[in-house]
Amino acid sequence: MTTLASGAAEVELAIGGMTCASCAARIEKKLNRMDGVRATVNYATEKAKVTFDGGVAVADLVATVEATGYTAHEPRPEPAAPDAGAGRPDDELRTLRRRLTTAVVLAAPVIAMAMVPALQFTYWQWLSLTLAAPVVTYAAWPFHRAAWTNARHGAATMDTLISVGVSAAFLWSLWALFLGTAGMPGMTHPFELTIARTDGTGNIYLEAAAGVTAFILAGRYFEARSKRKAGAALKALLELGAKEVTVLRDGREHPLPIGELRAGDRFLVRPGEKIATDGTVVEGASAVDASMLTGESVPVEAGVGDAVTGGTLNAGGRLVVRATRVGADTQLARMARLVEDAQNGKAAAQRLADRISGVFVPVVIALAVATLGFWLGNGAGPTAAFTAAVAVLIIACPCALGLATPTALLVGTGRGAQLGILIKGPEVLESTRRADTVVLDKTGTVTTGSMTLRAVHPAEGTDEHDVLRLAGALEHASGHPVARAVATAAADRTGPLPAPEDFADVPGRGVQGVVDGHAVLVGREQLLADWAMALPEGLRRAKAAAEAAGRTAVVVAWDGEARAVLEVADAVKDTSPEAIRRLRGLGLTPILLTGDNRAVAEAVAAEVGIAPEHVIAEVLPQDKVDVVKRLQGEGRSVAMVGDGVNDAAALAQADLGLAMGTGTDAAIEAGDLTLVRGDLRVAADAIRLARRTLGTIRSNLFWAFAYNVAALPLAAAGLLNPMIAGAAMAFSSVFVVGNSLRLRRFRVAA
C-alpha cells in the first residue's frame, strides 16, 4: 500500500475467481459504490487498483470483493511474488487443459452415436450416459460454479446460460432414461424432422450437454493461454536491468548483486556493460547507447557530471558512476509502473457475448417459466408442460454461440500467423474497428533503427574512394555506433580495409591514427580545430545542410587538410511511405512520435508523407504515455505502433497497441497485435485482418442467436422433437464454422 500526495491511499489487490470481463465489471461497480473509493479492475491481469481515503481499510475492500463472490488479497512482496505468481497461472491452465481433454475425448463418441443411426446399437443410450456424465460434472464444473456465484448476486452471464442449458439437457435425459421410455433396449433417434407435440419421455439430449461443454471449454482454454501472458511486459522490462554491479569501495572493486546497491555508491561500468542504475558520471567519458529506453537513434556522449540511466549500454570507454536512484525509484522501474497502470486502464473491455447474454439469459429463463405455467394452466398435464419448458432451455443452450468467437479467432489468428500478424485475443478486435488515429514511433518502426552512411561530400580534388578507405579503416577500430556505420559502408564499397597504426580514441571528439602513411582524423569539427584545421566553404555548407536535415555530420581530414563530410543517419525503411498511404486508406490519421530532435523528425516525416503538424518530437519515454492520453482526451481512438522499451507503456495505454516483432520483448508483450516482420505495411494488413475477424465474430453471434430465437417458439409450443433440436444446433454450428473458415481467404494488400 502507498500513500499519495493528496493524503489518499492506493493499494493493488490480486483478484481470484473471475471467469469473464463482466466479473471484473461487477467487482469494479461494487468497490466504486463504497464511499471515498475509486477502483479499476483488470480481468487480464486479475488485479484491482484501488484508491481510497482514510475512512476505508484494506480489509473493508477485501470484504467487499469477497461479498461479491470472489477472492482478494494484497500481492505478496518481492522476492516471493515472482515465484508465487509463476506457478498459479500454470496450475490453472493445466487444470483447464485436463478438463478440455476429458470433454473432447468423451464427448466425441456421444455426439457420433446421437447423430449417426448406424452407431445406435441396443444399449447405446446407456453408454452415452456413462461417457457424458464426467463431461457434464467434472469438465463443466467451472461453468456451474460461476453460474452459482452469479445467481447468489443476482447476475447472469454466458456461464449462467451454459450451466442452465447443459444441466437442463442432462437432467431431462436422466429423467427420460430412468423414468421415461428412452432407456428401453433398442431406442433410437431416427431422422424424422416432423413437427409434432410429444411428451418427451423418449427424448435424450446427452450429445447437446457434452458437445456444448467441449466446444466452450476449447474457447476458454485458448483465451486463458492468451491471458496468461498479461504480465510478461513488466517482466521483460525489469529484466533489462543489470543483475550485478561492480562497486568501488576503499579503492577496491566489489562485485555485488544489484539489490545491494545503495544511493551514493560509486560503481564501475566497463565498455559493453549495462549501466546498473540511474546516476551521475564522476570519472571517464563514453558514448552511451540509450536507444532501448529512449528510442533515440544517436548514442549520447556522457562525461563527468552527466546523468546516465540504468539499463542503458556503455558503448565506449570506462565510466565510474555515482548512484543517485536505486530500486523502485529508477527510470526503468517507473516505466514498468507506467505499463502496469496503462494495462489496468483497459478493465472496461467486455466480451460481446457476455453483454448479449446478460439480457438473453433472463429472457430465456422467464420464457421457460412462462411456458411451464401456460401449459399447466391449459390442462396439458405436467409431463407435456415440463417437456416444453425444458425444450426452451435446451434450444437456447449456446452451442453455436460457444463456437462463434473461438472459431473465428482461431481461423483469423491462424491466418494472421501465416502473414506475420499475431492477434492476442478477442478484446483486441473491437479496438481495431474504432481506431481513427495511428501514432508511429520513429526509430525501428518508420526507420531501420540503425545508423547508416547516407551521403559522402568530398572536397574538391578528393576521391570518394580514398575518403571511405581511410576513414573506414580508422572507424573500424572504434566501437562507436556512428563509427560502425561508416566502417560498414566503407567495407561494402571499397573492399577489405587496411589496419590503422597509432590509433587513439579522443573522447567526445572522434578518432585519430595513421592509415597507409597518412595521419587521419575522423570525428567532429572540434577535433580538426584541435589540430588547427578549418573546413573549406564547400564542406562547411555540406555540414550545415546535413545537420539541418537532422543527420550526424562526420568530418574527415588527413595530412593537415579537411577532405570530406560524411552524413550518417537512421535510414527510413523502403516500405514506410507505402505503409503510411495504406493506413490513411483505412481512415487513420498518422502521427509521428519520437524522442529525437525536431529536425530529424520532420525530415523523416517529409520522406514518408506525414504532415509537419502531425509530428511530435523530443518526447521523453514517460511522456509518450501522456501524448497518447492527450489524444484520447481529444476524443480520438488511438492505435500505437512501436518497437522499443520506451514504447511499452504507450502501447499498453493506447486503445490498440501494435508491436513490431523485430523490437524488444517488453514492447511485444505490451502490444495487442504483434507484427513479426519489421515491415510497417503489415500494420495496415493487421488492422484489416482484425476488423475482418471482428466482423466474422459479429455475424457468427447474430446467426447463433437467430437459430436459437427462431426455434424458441417451436419449443414453447411443445412441437420440438429431438431431431429438429439436433438439426438446428448442428446446422447453426456448421454455419458458424463455415463462416469463420472464410477468413482463410484473407489476402494482404498488393
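Structure first, text after, so check above.
For clarity, every value in this text was computed on a predicted model and none was experimentally measured. (Residues numbered from 1 in each chain as written. Predicted model: local features only at pLDDT ≥ 70, side-chain atom pairs only at ≥ 80, totals over all residues. Heavy atoms only, no water.)

On to the overall build of the protein chain. When helices and strands are counted, the protein chain shows 26 helices and 27 strands. The proportion of buried residues among the 750 residues of the protein chain is 52%. Put simply, of all contacts in the protein chain between residues at least 6 apart along the chain, 69% involve residues at least 24 apart. Of the roughly 31400 Å² of accessible surface on the protein chain, 57% is carried by carbon and sulfur atoms. (Helix = DSSP H or I, 4+ residues; strand = E, 2+ residues; numbered from the N terminus. Buried < 20%, exposed > 50% of the residue type's maximum accessible area, 1.4 Å probe, protein only. Contact = heavy atoms within 4.5 Å. Areas by Shrake-Rupley, 256 points an atom, 1.4 Å probe, with all protein chains shown as cover.)

You can see Phe 705 is positioned in helix α25 (residues 681–716). You can call Phe 705 buried: its relative accessible area is 10%. Sequence spacing of Phe 705 and Phe 360 is 345 residues, and the spatial spacing of their C-alpha atoms is 9.1 Å.

This part covers unusual backbone geometry. For Asp 502, which is not glycine, the phi dihedral falls at a positive 50°. Along the chain, Asp 502 turns up in strand β18 (residues 501–506). The backbone phi angle of Asp 559 is positive, close to 55°, even though this residue is not glycine. Positionally, Asp 559 belongs in the loop between β21 (552–558) and β22 (561–572). Take Asp 559: its relative accessible area is 40%, and that puts it in the partly exposed class.

Turning next to the pairing of β18. Bridge analysis of β18 against strand β19 (residues 510–515) gives four bridges, and the strand direction is antiparallel. Bridging across to β19, Asp 505 finds its partner in Val 511. Joining the antiparallel neighbours β18 and β19 is a turn of three residues, in which Gly 508 adopts a positive phi near 75°. (Pairing = 2+ DSSP bridges.)

Orientation of helix α4 (residues 124–139) relative to helix α5 (residues 141–152), taken along the N-to-C sense of each, is 45°, at an axis distance of 5 Å. For the element pair α4 / α5, the angle class is oblique. Contact residues: α4 offers Val 136, Thr 137, Tyr 138 and Ala 139, while α5 offers Trp 141, Pro 142 and His 144. When its residues are assigned to classes, the contact of α4 with α5 shows five nonpolar, two polar and no charged. (Axes fitted to C-alpha atoms, helices over the stretch in contact; angles between N-to-C directions. Parallel < 35°, antiparallel > 145°, perpendicular 65-115°, else oblique. Nonpolar A, V, L, I, M, F, W, Y, C, P; charged D, E, K, R; others polar.)

So, on to the sheet that holds β18. Spatially, six strands are ordered β17-β22-β21-β20-β19-β18 in an open sheet, and the strand pairing comes out antiparallel. Both outer strands of the open sheet, β17 (447–458) and β18, are each paired with one neighbouring strand and no more. The average angle at which neighbouring strand axes cross in this sheet is 20°, direction not considered. As paired elements, β17 and β22 share eight bridges and run antiparallel to each other. Residue pairing for β22: Ala 455 is matched across the bridge by Glu 567. Contacting β17, β21 and β22, helix α17 (residues 481–494) runs over the sheet at an angle of about 65° to β17.

With respect to the helices and strands, the residue Ser 128 is situated in helix α4. Judged by relative accessible area, which is 1%, Ser 128 ranks as buried. If we skip the residues at most four places from it in the chain, Ser 128 touches Val 110, Met 113 and Leu 206.

Before going further, it helps to examine the packing of helix α20 (residues 576–585) against α25. The interhelical angle for the contact between α20 and α25, taken along N-to-C directions, is 25°, at an axis separation of 7 Å. Classified by the interaxial angle, the pair formed by α20 and α25 is roughly parallel. For the pair α20 and α25, the contacting residues are Glu 578, Ala 579, Arg 582 and Leu 583 in the first and Arg 681, Ala 683, Ala 684, Asp 685 and Ile 687 in the second.

What follows covers α17. Over its 14 residues, α17 extends 20 Å from the first C-alpha to the last, a length consistent with the 20 Å expected when each residue adds 1.5 Å. Among the residues making up α17, those that are buried are Pro 481, Val 482, Ala 483, Ala 485, Val 486, Ala 487, Ala 489, Ala 490 and Thr 494. Looking at the buried side of α17, the elements it contacts are β17, α16 (464–475), β21 and β22. (Expected span 1.5 Å × (residues − 1).)

Let's shift gears to the sheet that holds strand β10 (residues 286–289). The pairing of strands in a sheet comes from backbone hydrogen bonds and takes either a parallel or an antiparallel form. Strand order in the open sheet formed by three strands is β11-β10-β13, and the pairing between neighbours is antiparallel. Only two strands of the sheet have a single partner each, and these edge strands are β11 (300–302) and β13 (313–314). Bridge analysis of β10 against β13 gives two bridges, and the strand direction is antiparallel. Looking across to β13, one finds that Val 288 is bridged to Asn 314.

This part is about the nonpolar core. Membership of the largest hydrophobic core comes to 54 residues, with the highest contact counts inside it found for Ile 204, Leu 206, Leu 217 and Val 392. At the level of secondary structure, the elements contributing two or more residues to this core comprise α3 (80–115), α4, α6 (158–178), α7 (206–227), α11 (352–377), α12 (382–396) and α25. In this structure, Val 392 is in contact with Val 364, Leu 367, Ala 368, Thr 371, Leu 712, Ala 715 and Ala 716, ignoring residues within four places of it in sequence. (Core = buried A, V, L, I, M, F, W, Y, C linked by side-chain atoms within 4.5 Å.)

Now for the pattern of salt bridges. On inspection of all chains with the given rule, the structure shows 23 salt bridges. For Lys 442, the salt bridge goes to Asp 570, with nearest N and O atoms at 3.7 Å. Of the two residues, Lys 442 is situated in helix α15 (residues 442–446) and Asp 570 in strand β22; the sequence distance between them amounts to 128 residues. Judged on exposure class, the residue Lys 442 and its partner Asp 570 are both buried. Here Glu 634 ties to Arg 636 by a salt bridge, and the two come within 3.3 Å at their closest N and O atoms. Here Arg 636 falls in the partly exposed class, since its relative accessible area comes to 28%. (Salt bridge = Lys/Arg side-chain N within 4 Å of Asp/Glu carboxyl O.)

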